[in-house]
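# Fold and geometry: a report
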Amino acid sequence: MKNLILPLFTILLLITSCNDDDNTDNATDEGIATPLSAFDEFNQDAVTISFNGNEITIESNGLPNHTSPYWPDDNPLHIDKVANNTDVLTPGLIGERSYTLTVSTAPELAATGTTTGLGAIGISVTGVPIFNDQEGNNRPIEEVIVETFDYAGAHNGPSGYHYHIESFDVPENTTLSFDDEKLVGILSDGFLLYGRRDFDGSYPTDLDASGGHFGVTPHSDGVEVYHYHIINEFAFGNVIPLFAGQLQGTPNAIF
Ligand SMILES: [Zn+2]
Ligand SMILES: [Zn+2]
């Protein structure tokens, strides 16, 4: 009996020391300031950024600076659908909305991740809200939903026009991230979301389950900051969700 108890005690000791190590790592890695030059990437016609002490507020009217079949017919940015080879669209059109997100200037990793809900989980550089990989409760994005996406990976819903997936590689797409290192937007926990590739053009290999890691970004001036990437993995077909994991920081409300 003694022989059994001793190894168990050793295992418990090992588990305890592992946890201690994690805590130590987090303590030194947390709270690095978000590089402010990232906010220059946001569409100034739609998005207003304000700095107040240790908080940044991102406000958007939700009107993207790119073409879409979801613009009203009389809008110069209205085009016919160019992705997915279907003319299936969800009801509704792009219209002015109001999204406000306030985050810390130096967000910290949380002790546990937070599952995202339906609705906006972040604000993209175009001003359009970012949604997760679900189209309803317990209903993941599936083929019939993907058919409704424009080349930007967006469609319209009761709460307005929103992105779910990475944009498509079509000539019409001149600004949105496609298999590159471009900034996609900011998520509600205050961490930035980038495209599939890292600053040096490679696909990051050390991502956590949410697509996050510490590293240099095109905006961080050589400093390693925690940021998310679009995970370079097709959910199905050529569909890549923008963000399908848990938020690794503390989410703030987008209202
Ligand atoms: Zn949707
Ligand atoms: Zn990275």
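What counts and how
Residues numbered from 1 in each chain as written. Chains lettered and ligands numbered in written order. Predicted model: local features only at pLDDT ≥ 70, side-chain atom pairs only at ≥ 80, totals over all residues. Heavy atoms only, no water. Helix = DSSP H or I, 4+ residues; strand = E, 2+ residues; numbered from the N terminus. Buried < 20%, exposed > 50% of the residue type's maximum accessible area, 1.4 Å probe, protein only. Contact = heavy atoms within 4.5 Å. Salt bridge = Lys/Arg side-chain N within 4 Å of Asp/Glu carboxyl O. Pairing = 2+ DSSP bridges. Axes fitted to C-alpha atoms, helices over the stretch in contact; angles between N-to-C directions.

Mapped onto the secondary structure, Ile 186 falls in strand 11 (residues 183–187). A relative accessible area of 0% places Ile 186 in the buried class. It is 9.1 Å that separates the C-alpha atoms of Ile 186 and Ile 58, two residues lying 128 residues apart in sequence. Beyond its immediate chain neighbours, meaning those up to four positions away, Ile 186 contacts Phe 39, Phe 42, Ile 58, Leu 101, Val 103, Gly 122, Ile 123, Phe 191 and Leu 192.

Counted under the stated rule, the structure contains 5 salt bridges. A salt bridge links Asp 180 to Lys 182; the shortest N-O distance between them is 3.9 Å. Overall, Asp 180 belongs to the buried group, its relative accessible area being 13%. When its relative accessible area of 31% is taken as the criterion, Lys 182 is described as partly exposed. Connected via shared salt-bridge partners are Glu 166, Asp 179, Arg 196 and Arg 197.

Turning our attention to the sheet that holds strand 3 (residues 99–104). Spatially, 1-2-3 is the arrangement adopted by the 3 strands of the open sheet, whose pairing is antiparallel. Of all the strands in the sheet, the pair left with one neighbour each is strand 1 (47–52) and strand 3. Each adjacent strand pair in this sheet contributes to an overall mean axis angle of 15°, direction not counted. Sheet topology places strand 2 (residues 55–60) next to strand 3; 6 bridges connect them, and they run antiparallel. Bridge pairing in strand 3 places Ile 56 opposite Val 103.

Remember, this is a structural readout, not a statement about activity or role.
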